[in-house]
Every structure is written in structure tokens, then in C-alpha cells.
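Architecture at a glance
Residue-level listing of the chains:
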Amino acid sequence: MLQMFLRRLFLGAITVAIVSMIIFAGVEILPGDACTAFLEREAQGRVLENCREELDLNRPAVVRYLDWASDALRGDLGVSANGQRSIAEMVGARLQNSLLLAACALIVGVPTAIFLGVVSGLWRDRPVDLILSTGAIFAMTIPEFVSATVLILVFSVWLGWLPGIVLTSANAPASEFFPEIILPVVVLAMVMTAHILRTVRSSVIEVMNSDYVQMATLKGVPYWRIVFRHALPNALLPAINVVALTIAWLLGGVVVIEVVFNYPGLGRMMIDAISDRDLPVVQAIALIVATVYVGVNLTADLLTMVANPRLRTLYTRK
Amino acid sequence: MASTIDEVFCIHDRLSFGLTENGTDKNNRLFGLAAPDPIKCRTREEDMKRIIALATAAVLLASPMAMAQSGTFRQAHEYGFGAQSSLDPISNGRIFQITEKIMSRLVRPGLDGRPSPDLATEWSANEDATVWTLSLREGVTFHDGTTFEAADVLYSLNRVLDPEMDSPARSAIAMIEAVEALDDMTVQITLDTPFADLPLQLMDYRLRMIPEDSGDTIATTGIGTGPFMVETFDAEGTTVLVANPDYWEGAPGVARMEIIGIPDGQARLQALLGGQIDMERGITAQQSVMFQGSDRFTIQEIPTGNWRGLVFRTDVEPFNDLRVRQAVRMVADRQELVDLVLGGGGIVACDTPVEPNDQYRADLSCPQDIEGARALLAEAGYPDGIDIDVHVATLEPTWPTLAVAYQQQAAAAGIRVNVVQAPTDGYWSEVWMHEDVSATRWNERPADQALHEIYLSTARWNESFYQDEAFDALLAAARRELDFEARRALYVQAQEHLQETAGTLIPYHVTRLVGVSSRVHNLDAVKNDAVRWHLITVDE
């Protein structure tokens, strides 16, 4: 088990390193740099030279990448190319905001999704299941920016109940984000609920059809006891992985939602940084997001192993 | 993100005389003789509101001391310069939506667009217009309590002129050789060339006065003499301004302003619709439909000197042939382009960059002439027409539409246009002024500056590589000419010369739509930098 864990950890680190290289190369290949993005039409001659010198853009890309990577390994994310502020400081507040958004969406979304998933699994093919499943397909397939815009139009422009977009500044305490955060949370919860609901539903159906549930039924175990005691613990296992992926998706900065709602999280910061060609910031965010993805998936796999005796014994008996 | 969206709002606002219903009244625009009526609104109700508002303003002006500030006015900015955003009025990253409220200029545009006193109360020139003397306003204090005087003017202007600063505002006053203080309240400006329109240049929206020696801190403190003072500056989030009770024109009507960074245009529109902000300047013709019939908003229509167009490089085949250049411009049906591309929100231009309401604008006509274009092309040796690649990018959302509409119009004369979509990134550095034909856009400038910066043989931004000694000579003569009528005649000649020979198709000047919440009153319906912010009030 420990060996397995270390191996996964090592692979994760390599993944993160490769991602950072791809991102660096990607931003480097885009036409223009931090200076042309900022100076626009002024980007000529001496002004451009001065700017490049100041931002240290004249050294070869490989050298700049290696410099950055060695600093990042020591935990120093450096300073932004524009404005020269400490990236750790800038990213810190944004990360907190993205965490807040993710936490709210999870608190609302996961219990709802599991509850609805179990309901529609148990009452398979009944009207309630048909309604929930169809609703889930809609929630999954309508792009977030569309559902976001529709919600804003209805609740903010027509009804005037909720603020449409987030105007709170990045460094404000969490409490100040209410009630502005409600609409983005609802949109996120809708999308993730749909995904988790469908996974839970199919796994509930599968478990309820399994031999041991049938055995229990034949033995005369009361229905709800079968459901809670024997079926659900097994049925919810696959949900762990879906929830983990959802968490990773949320923490990675839900770019579209953050831009539509003007939410000051990691995703919007990423977009701004790309437009500014602010390589150090883009790199730092990519590193954080990649780490989160790898970390959350690793945790989910471990959790699954812990929760599922079959997987666990497979590895410990080796 | 250092997008020129912001630039669209940061304008040299000049000389907008009467904006009549059709926006093109010639008598008005040429001499500014008619009474200016800068407000053009959609509804009668709005007219009523305006009358009430003006009456209120008159009462308020009469008793400035009795007026208490109340309410908060909210507006968005594009955060267009990202982390480089700054309160330094002359830097590249200035946030105009903030500097316009916290700092004043020496001269500002009056409601009629002509130079009117701000921190300078009067000005006069010597006989050949090379030495100007300005009297400064007495009793004005900066937000930090220091008194405004000549030393601050010297410092502010010299800072712009300092080559080390690389300020984009420098080109507006590059003719200034020296600035001296005659006494604490009098400044003398010496020019290296006669320049009869110096006050026009001093109206530049960036030339705002800051305290002496504040250059190192101004980017974050924003200390000026304007009607509002910076309480907290947060470019990315919300910048809070509070009323300056000591403002020289009278205490403001609004207690507090919040200027909020919202990079996404759609989000800004939603914020306005949802009542989270009170004003948005970047409404498109398509979006304005959403405001029609609503009593919660009004739309101000404000003609500007901003233009979009297509540049044909005059130094390459086939456009080095004058006849081809004339043909490619002759095929455009400009009114149709205004209707198709801007939904009618523009004023036709005949390849002159000088804005419709400028006192130097030439009265030109340029109807579509397909047969004439064909004949010219044949004469130039292209009886079967020509193939051209027009480069555009979504950097300016109207470019692709403009190019496609032009493609259809030009096809009739045998000009086969291939529209090439270039990436937005690097458009200015790699496409514009590199490809033979590319789209361009400019923000308004005074006539002299527009003609100099874009068409003079030696201009840095001579995007069409236009080389014409006769044109250069006309401009030089105009600057030297002290008699207004004679000077105007020279500028008009220069524009006629351009229409004859230029390589740049300028089909129209854009009319700006400003969406305003109906809780805001007394907002001048004039160009951005002529708005008198201390007058506005908001409902609680």
C-alpha cells in the first residue's frame, strides 16, 4: 500500500512538471508578449526595448523556464511580470475565493445529488426518475454560460431578487460575498449535481439488482434495511471518484463561471494573466491547478481503496 | 487584456458643436454659431427629465453651500491594463474612468466642445503664437491640502514632456519647448513652432495637474484637484471615491463613487441591467434594443470622432497607383456601411479623420461610384479587376462585419476581396502596418493632431505609408497661420487633398451609446471628458 502510494505520488509530480512545461511553451508560442500586450500600438522601437528589458524578456525561453522551475521547487512563485507584485500574495486571495465558491457548491450540490440519485435509482423508470433524469441531462448539456445568463436575466434583471454579478473585491472576507455568490453557486451546483446524480443512479440500480440484495430480499430483510445497510454503502463508492473529479474541476477555477459572474477567483485571474501575457502568473496558476487535480485524484483513489475491501486486499496481499 | 476597449473610452474630446437631430448640421458644425444643444435623447420623457434636471442644477448651483452630498454612483471600468492599471493620468495604464473624476486640466472642453477655463482662467498668445501666457485659478487646493500653483503646472507638464516617461500624452504637446512660472499664478509656455490652437492641445484628457514632486506616488494616491477624492484604490476590485467638499466649482452632489473593475463586456451589461452599476459607456447598437421601452434606463447618443476603416498601403502594388487607391475607396457605399455595421449609429466620413463636429472638418461628399471605379481600374491596367486580402481581427468586433460588407460592395466593381481573419494577439505588431490591406481604428483627436499623427510623411503611425509633400506643406502652413478663417481653409484643403490621394478608407465616425440608470440625474450628455461630474445626483 505504501509503495503504491509513493509510486502514485512520483507519477503525479512528473505529471505536474510536464503540464508546467506545456503551459510555458503554449504561452510562449502565442504571438506577442507581455510588452506588446500592454503597449499595443506603442509597441515599437525604444519603448518596446525598455519594457522588455524591465520585464526581463530578453533571455531565451528555456533559461527563463529553468529559472522559474528551480524557484518554484523551493516554493518561491516569484513576482508577476506586470506590476511586479508577489504572486504568492496575489494567488492566495484568489485561491481562497475559488475555495469558497467550491465549498459552497459542494455543500449544496453533493448531498442534493446523492439524495436525488438514490431516489431516482430506487424508483427507476417511475415518473420521479424520468423527471430527475431528464432534468439532469438538461443541466449537463446546457453550457454553463447559457444557464448563468438565463439565471441572471430571470433573478436579477426581471425579478430583481439577487445581484447579477459579483462586485466584491478579491481581498474581501468571505462573508461579504453573500448574497452575490448565490447565483454562481446555483449554476455550479446544477452542473455537478447532474453528473453525480447520474453516476449514483446507475450504481444504485446495479447494486439493487445484484445477487446479494436479492438474497437479502428472499431472506426477508425489510426493504429499507436492505437499502441503507447493504445497498447504499456499496452503491455510493463510485460516487467518490466522481465527487473527487468535481472537486478538482471546481478548485481548478471554473473559468467560464468566474468570467460570466465577474467572480474574483483563480479562473478569472488565469484569463486576465493570459491576456496580459503574464507568464509567471499563468505558470503559477497552472502549477496550482495541476497539483490540485493530481492531489484530489490520488486522495480519491486511496479513499476508494480504504472503503472497498476487495481493492484493499488485492494490494495488501501482494 | 491591455485592450483598446479602454481606449475607446479615453478620448480626446474636441469641439463638438451643436449635435442636431441628424447629427450633421453643417452650419452648426463648421462655425459653432448655433446654440449648442449637446443632448440628444431617445424620448420626450427624457427631454422633460432634462429640463427638470437643468432647473435643479441651476438651483443647486445658486446655493452650493446648501447642498449636501448623498448617495453612491457606481460605474465599471474594463480593467483593460491589468496589473499595470494606475491612477497616473499620463501613464499607459491610467484608468480614465477614475482620473476624469479626481483630477483637473488647465483647459477643458465646455459643453459646446470648445476650450473653456478649468485650472487656467484665461490665456493669451503673442503675435506669432509661439509664447502663451496662462493665468491660474486662485484658491484651488489639492486633495492633500496643498495649494495649487504655478510650480505644480510646471511639474505636471514637464513630466509629460520628459522623454524618460515615455508618456503617450507627449505627442499632444510635443511643440512645447519650455514652461516657466512668471509668478505663483501665471505660467508662460514657449513653443518651438507657431501653434495657434494650443488650448485645444491642453484639453487633452490625459493632461491633468498633479502636485509638484508627486510623480513617484501618484499612481496609487491619485491626488488631484477634482470633485472626487480617492479613498481606496483597487484597480481589480472596487475603487472608492468620496466627494471633495472643497472642489472649486462647488461641492459635488454625490457623496460617494464606486468604480469597479469588470473586464467582461457582457458582465458589465448585466451589471447595468441588474442595477449594480449606474452607467455603461460601451453599449453596442445590438445591445441598445434591450434598453428600449424601459423606464429604468435612458440611452445617450453621443457622436464622437472615433473611426474604423481599412488601410491600403500606398507604397506597394497595386495601391501605389493613385487610380487604384481612388477606386478601392470609391466603391464604398458609406451610409450602407453605417447602417449594416453600426445599426445606423454613425456619421458618414469621406476619408477624413477629422470628426464631424470639429471646426476644421471639410464638407466633402463621396457617393458610391461603381462605374467610376471600374474605369479607374481599367485605366490603371486592371480591366479584369483586382484581388485583395483584407486583414481583420476580432480585436475590434465591428471589423469583420465591415470587411464583409465592403467585400459585397466592392465586388460590383470587380474588386474581389478576400477577408483574412488574423489573431487578435499581436495584431498591432504583426499585421497592422505590415500587410498590404488591414483594418484600423483610431480614437478622436483634434484635426491638426489626427492629420499629423496618421498622414504626415514622417509620422510614426503613418499606417498607409503616405508620402505627399503637398499635403505636408499644407499642414505646416496651417499651423503657422494665425487667422482662423485662413487656417481653416488650409485644414480643409488638406482634407480635400487626402480624399483625392489617400490610401485609407474612412467610411464613418462612430456614435457612442451610453446606458444610464434612471436613478442618475444631471449627467451631461456630452463626450466623456467634458462631463461635469460634480453636478450629477442619484436617487437613494
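Whatever comes next refers back to the structure up there.
The present account deals with the structure reproduced in this document.

Conventions we followed
- Residues numbered from 1 in each chain as written.
- Chains lettered and ligands numbered in written order.
- Predicted model: local features only at pLDDT ≥ 70, side-chain atom pairs only at ≥ 80, totals over all residues.
- Buried ≥ 20, exposed ≤ 12 C-beta atoms within 10 Å, placed from the backbone.
- Helix = DSSP H or I, 4+ residues; strand = E, 2+ residues; numbered from the N terminus.
- Pairing = 2+ DSSP bridges.
- Contact = placed C-beta atoms within 7 Å.
- Nonpolar A, V, L, I, M, F, W, Y, C, P; charged D, E, K, R; others polar.
- Axes fitted to C-alpha atoms, helices over the stretch in contact; angles between N-to-C directions.
- Parallel < 35°, antiparallel > 145°, perpendicular 65-115°, else oblique.
- Core = buried A, V, L, I, M, F, W, Y, C linked by C-beta atoms within 7 Å.
- Left-handed = near helix turned anticlockwise from the far one by under 90°.

1. Overview of the pairing of strand β10 (residues 256–261) of chain B
Residue and element names in this part refer to chain B.
- Within β10, five of the six residues are buried, which leaves the element mostly enclosed by the surrounding structure.
- Bridging between strand β1 (residues 72–77) and β10 involves six bridges; their strand directions are parallel. Across the sheet, the residue bridging to R74 is E258, located in β10.
- In the sheet, strand β9 (residues 238–243) pairs with β10 via five bridges, with the strands oriented antiparallel. In the sheet register, L241 faces β10, and the bridge partner there is M257.

2. Regarding the environment of M140 of chain A
Residues and elements named next belong to chain A.
- By the secondary structure assignment, M140 is in helix α6 (residues 127–141).
- Owing to 15 C-beta atoms within 10 Å, M140 belongs among the partly exposed residues under this scheme.
- Spatially, the C-alpha atom of M140 lies 33 Å from that of D278, the residues being 138 residues apart in sequence.
- With residues near it in sequence (within four places) discarded, M140 still touches V191, A194 and H195.

3. As for the interface of chain A and chain B
- Each partner contributes to the interface: chain A provides 34 residues, whereas chain B provides 32 residues.
- Elements supplying a minimum of two residues to the side of chain A that touches chain B: α2 (34–39), α7 (144–158), α12 (255–260) and α13 (266–275) of chain A.
- Per-element accounting of the side of chain A that touches chain B gives the leading share, four residues, to α2 of chain A.
- For the side of chain A that touches chain B, the residue count by class is 16 nonpolar, eleven polar and seven charged.

4. As for the packing of helix α5 (residues 87–122) of chain A against α13 of chain A
Residue and element names in this part refer to chain A.
- Running from N to C, α5 and α13 point in directions that differ by 135°, and their axes come no closer than 8 Å. In terms of axis orientation, α5 runs oblique to α13. Taken together, the residues of α13 that come into contact with α5 (itself represented by R94, L95 and S98) are L266, G267 and M269.
- Class assignment of the residues belonging to the contact of α5 with α13 gives a composition of three nonpolar, two polar and one charged.

5. Details of the nonpolar core
- The biggest cluster of nonpolar side chains holds 153 residues, and the ones touching the most others in it are A105, L188, I196, V200, I247 and I285 of chain A.
- Filtering out sequence-adjacent residues up to four positions away, V200 of chain A remains in contact with A113, I114, G117, V118, G121, A235, L236 and A239 of chain A.
- If you look at the next biggest cluster of nonpolar residues, it comprises 75 residues, including V311, F319, A362 and V392 of chain B.

6. Considering the packing of helix α8 (residues 182–208) of chain A against helix α11 (residues 237–251) of chain A
All names here are of chain A.
- Packing of α8 against α11 brings their axes to within 9 Å, and their N-to-C directions diverge by 165°. Classified by the angle between their axes, α8 and α11 sit roughly antiparallel to one another. Seen from above, α8 lies across α11 with right-handed handedness. Contacts from L188, M192, H195, I196, T199, V200 and S203 of α8 reach α11 at P238, A239, V242, V243, T246 and L250.
- Here the contact of α8 with α11 is composed, by residue class, of nine nonpolar, four polar and no charged.

7. Thoughts on the sheet that holds strand β7 (residues 186–191) of chain B
All names here are of chain B.
- Reading across the sheet, the four strands line up as β4-β5-β7-β6 and stay open at both edges, with antiparallel pairing between neighbours. If you trace the sheet from one side to the other, it starts and ends with β4 (120–125) and β6 (176–183), each paired once. Taking the axes of each pair of neighbouring strands and ignoring which way they run, one obtains an average angle of 20° across the sheet.
- The sheet strands contacting helix α5 (residues 150–161) are β5 (131–136), β6 and β7, and the helix crosses β6 at an angle near 170°.

8. Considerations on the environment of P117 of chain B
Residue and element names in this part refer to chain B.
- By the element assignment, P117 lies in strand β3 (residues 115–117).
- In sequence terms P117 and G426 are 309 residues apart; their C-alpha atoms lie 41 Å from each other.
- Not counting residues up to four positions away in its chain, the partners in contact with P117 are V107 and E122.

9. Here's the deal with the environment of E206 of chain A
- Structurally, the position occupied by E206 of chain A is in helix α8.
- The class for E206 of chain A is partly exposed, based on 15 C-beta atoms found within 10 Å.

10. Re unusual backbone geometry
- In this structure, P179 of chain A follows F178 of chain A across a cis peptide bond, with omega equal to 0°.
- Cis geometry marks the peptide bond from E317 of chain B to P318 of chain B, where omega comes out at -10°.
- By the secondary structure assignment, P318 of chain B is in the loop between β12 (297–312) and α10 (322–330).
- Of note in this structure, M433 of chain B is not a glycine but carries a positive phi near 70°.
- Checked against the element boundaries, M433 of chain B lands in the loop between α14 (427–431) and β16 (437–442).
- Of note in the backbone geometry, F465 of chain B takes a positive phi value of approximately 50° without being a glycine.
- Mapped onto the secondary structure, F465 of chain B falls in the loop between α15 (447–455) and α16 (469–480).
- A tally of 16 C-beta atoms within 10 Å means that F465 of chain B is categorised as partly exposed.

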